[in-house]
Amino acid sequence: MKFVNRWNNQILNEKKLLSFETIRKQFIQTRQRVFREFGELWSDNEGLLHPFALQIDDLSAHDAKHIAKDIK
């Protein structure tokens, strides 16, 4: 998790001057791209085509933690 925490800190620092709405839009666009690319790693006949696809669950859990912090 050290890498993830360092990555988060770097991104937060880079985006600290942006508005919440801009960051929200960027977040949604990024996740839409991730899910499109994830779709390319899936085959209805064979299932997951690449081991990396298993990390999508880690990404969604990571996102959920961020979202939970901002939902009151």
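Parameters and conventions
- Residues numbered from 1 in each chain as written.
- Predicted model: local features only at pLDDT ≥ 70, side-chain atom pairs only at ≥ 80, totals over all residues.
- Heavy atoms only, no water.
- Salt bridge = Lys/Arg side-chain N within 4 Å of Asp/Glu carboxyl O.
- Helix = DSSP H or I, 4+ residues; strand = E, 2+ residues; numbered from the N terminus.
- Buried < 20%, exposed > 50% of the residue type's maximum accessible area, 1.4 Å probe, protein only.

Participant: Before we go on, may I ask you to explain the pattern of salt bridges in this structure?
Facilitator: Where charged atoms from two side chains of opposite charge approach closely, those side chains can pair. The final tally for this structure, using the stated rule, is 2 salt bridges. One salt bridge in this structure joins Glu21 and Arg24, with 3.2 Å as the shortest N-O distance. Of this pair, Glu21 and Arg24 both sit in helix 2 (residues 20–39), 3 residues apart, which is roughly one turn of that helix. In this structure Glu21 comes out as partly exposed when scored by relative accessible area, which is 37%. Among the ionic pairs, Arg33 bridges to Glu37, the shortest N-O distance being 3.9 Å. Residue Arg33 and its partner Glu37 are located together in helix 2, separated by 4 residues, close to a single helical turn.

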